[in-house]
Amino acid sequence: MRTLIYYGKGMSALTDRLDARPYLVFDGAMGTMLQAAGIEPGGAGELWNVENAEAVEAIHTAYLEAGANIVTTNTFGGSRPRLDMHGAGDRVHELNKAAAQIAKKAAAPFEALVAGDIGPSGELLEPLGLLTPDEAQAIFEEQITGLVEGGIDLILIETMSDLEEVGAAVRASRAVAPELPIVVTLSFDTKLRTMMGVNPAMAVSEIGAMGVDAVGANCGRGPEEMQTILEQMVAVRPEGLLLIGQSNAGLPHLVGDRFEYDAGPSTMAAHAQTLRALGIDIIGGCCGSTPQHIAAMADALASTN
Ligand SMILES: [Zn+2]
């Protein structure tokens with residue numbers, strides 16, 4: 001049994017699961033899977049939650065069969081400003097609720113958890129942009145309300161670079177669904193900083209202080225950099241804070257008219273074992289990671305624990 005201190009919050013869906021096993025496996029990419037299924041790059045994948053729900057459910061099921069313990073709703077761009085870019089800004093509630101319902105339906109036979117996916121709002125907060133913290137919180141509350149009505153088990157705030165925006169999303173989560181666990185990932189570039197200058201140690205201390213359940217990194221340039229980022233996070237991790245890593249499957253290369261990623265399933269499997277040895281609690285993939293990658297990672301983790 002692990003002893004975790006949860007800032008007085010008590011047990012959550014995540015810690016319940018981690019009492020039963022030493023780690024959790026997250027799924028891989030949704031965006032690149034949707035593109036493989038026929039969505040145009042740059043298209044609004046969230047519309048498929050209503051228009052092609054079977055295709056979205058099939059991706060969830062593939063990840064669950066691969067061994068994922070948590071699947072992520074197809075709502076990365078499901079906030080009003082991002083849906084506005086596709087003329088669908090008035091469908092936030094409908095598309096997020098539908099996404100959660102699809103994921104819950106897929107997850108039920110596997111007794112897996114569903115993470116409601118919250119990506120960046122697509123707008124910059126003050127002082128670089130025009131969005132106030134209250135406006136950002138309202139944007140996230142609208143999205144989270146739909147996800148919660150669809151039945152999500154936890155909230156994943158991902159691919160973030162601005163701690164102010166993370167704070168707005170965390171406050172929105174608490175306002176709408178105070179009982180749900182919160183997982184936050186930032187995306188770091190080659191200089192091991194986010195676009196807004198946050199380094200891995202700052203991420204752990206500042207986001208950990210918000211009282212979330214897990215902090216980590218996603219996306220980025222591939223397994224080697226992810227390992228370096230997470231080593232820096234492990235070094236400053238406070239007791240009780242879970243850490244998460246979701247690396248891209250390496251870098252994309254244009255092959256013909258589509259992208260291929262250069263880290264195959266065996267590379268990602270070795271990476272998963274490395275992260276586990278570092279003490280990372282929740283391990284998954286980001287762009288370019290397929291059910292084959294997640295299956296190799298889940299198998300590798302099972303063989304070493
Ligand atoms: Zn990614």
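The structure this text deals with has already been given above.
Residues numbered from 1 in each chain as written. Predicted model: local features only at pLDDT ≥ 70, side-chain atom pairs only at ≥ 80, totals over all residues. Heavy atoms only, no water.

Asker: So what about the overall build of the protein? Which residues, and what values?
Answerer: Secondary structure assignment for the protein yields 12 helices and 10 strands. The C-alpha atoms of the protein give a radius of gyration of 18 Å, which matches the 19 Å a tight globule of 305 residues would have. Projected onto the principal axes, the alpha-carbon positions of the protein cover approximately 45 × 45 × 40 Å. Counting all 305 residues of the protein, 54% fall into the buried class. Within the protein, contacts between residues separated by at least 24 positions form 78% of all contacts whose residues are at least 6 apart in sequence. (Helix = DSSP H or I, 4+ residues; strand = E, 2+ residues; numbered from the N terminus. Rg over C-alpha atoms; globule rule 2.2 N^0.38 Å. Buried < 20%, exposed > 50% of the residue type's maximum accessible area, 1.4 Å probe, protein only. Contact = heavy atoms within 4.5 Å.)

Asker: I'd like a rundown of the coordination of the zinc ion, residues and numbers included.
Answerer: C219 (SG), N248 (OD1), C286 (SG) and C287 (SG) make up the full set of protein donors to the zinc ion, lying at 2.2 to 2.6 Å. Coordination at the zinc ion is tetrahedral, judged from the 4 donor atoms that bind it and the angles of 89 to 128 degrees they form at the metal. Looking at N248, the relative accessible area reads 5%, which means it is buried. Judged by its relative accessible area of 25%, C287 is partly exposed. (Donors = N, O, S within 2.8 Å, 3.2 Å for Na, K, Ca; no water. Tetrahedral: all angles 85-135°; square planar, octahedral: opposite > 155°, others 65-115°.)

Asker: With reference to specific residues and values, describe the sheet that holds strand 7 (residues 242-247).
Answerer: Taken in spatial order, the 8 strands make up an open sheet running 1-10-7-6-5-4-3-2, and their pairing is parallel. Only two strands of the sheet have a single neighbouring strand rather than two, namely strand 1 (24-25) and strand 2 (70-72). Pairing analysis gives 4 bridges linking strand 4 (residues 154-160) to strand 5 (residues 182-186), with the strands arranged parallel. Bridging from a neighbouring strand, M160 pairs with L186 of strand 5. (Pairing = 2+ DSSP bridges.)

Asker: An account of the environment of E46 is requested, with residue identities and associated values reported.
Answerer: Secondary-structure assignment places E46 in the loop between helix 2 (31-36) and helix 3 (48-51). Looking at E46, the relative accessible area reads 9%, which means it is buried. A polar side-chain atom of E46 sits 3.5 Å from the main-chain amide nitrogen of F76. (Polar contact = N/O pair within 3.5 Å; in protein donor to acceptor, adjacent residues only side chain to side chain.)

Asker: Outline the nonpolar core, listing residues and values.
Answerer: Judged by nonpolar contacts, the single largest core of 73 residues is most densely connected at F140, I157, V184, L186 and I207. Among the elements that take part in this core, helix 4 (residues 53-66) stands out by supplying 7 residues, more than any other. Leaving out residues up to four positions away in the same chain, L186 has contacts with M160, S161, L163, V166, T194, V198, A203, I207, G216, A217 and N218. (Core = buried A, V, L, I, M, F, W, Y, C linked by side-chain atoms within 4.5 Å.)

Asker: Describe the pattern of salt bridges, naming the residues involved and giving the relevant values.
Answerer: Two side chains of opposite charge can pair, provided their charged atoms sit close to one another. Inspection of the entire model under this criterion finds 7 salt bridges. The residue K97 makes a salt bridge to E149 at a minimum N-O spacing of 3.8 Å. In this pair, K97 sits in helix 6 (residues 92-107) while E149 sits in helix 7 (residues 133-149), placing the two residues 52 residues apart along the sequence. Classification of K97 as partly exposed rests on a relative accessible area of 28%. (Salt bridge = Lys/Arg side-chain N within 4 Å of Asp/Glu carboxyl O.)

Asker: Hey, could you go over helix 9 (residues 200-208) for me, with residue numbers and the actual values?
Answerer: Along helix 9, the residues that are buried comprise P200, A203, V204, I207 and G208. Take helix 9 and look down its axis: the buried residues cluster within an arc of 95 degrees, on one side only. Buried residues along helix 9 sit in contact with helix 8 (163-176), strand 5, strand 6 (214-219), helix 10 (223-236) and strand 7. At the N-terminal boundary of helix 9, the capping side chain belongs to N199, with an oxygen 3.1 Å from the backbone nitrogen of A201. (Arc of directions from axis to C-beta.)

Asker: Hey, could you go over helix 12 (residues 291-304) for me, with residue numbers and the actual values?
Answerer: When the terminal C-alpha atoms of helix 12 are compared, their 20 Å separation across 14 residues agrees well with the 20 Å that a helix rising 1.5 Å per residue should span. Within helix 12 the residues assigned to the buried category are P291, H293, I294, M297, A298, A300 and L301. Elements that come into contact with the buried residues of helix 12 comprise strand 1, helix 2, helix 4, helix 11 (265-278) and strand 10 (282-285). (Expected span 1.5 Å × (residues − 1).)

Asker: So what's going on with a nonpolar patch on the surface? Which residues, and what values?
Answerer: Residues L124, L128, M195 and M196 make up a contiguous nonpolar surface patch of about 440 Å² in total accessible area. Judged by relative accessible area, M195 falls into the exposed class, the value being 70%. (Patch = residues over 30% accessible without salt bridge, like charges linked within 9 Å, V, L, I, M, F, W, Y side chains within 5 Å. Areas by Shrake-Rupley, 256 points an atom, 1.4 Å probe, with all protein chains shown as cover.)

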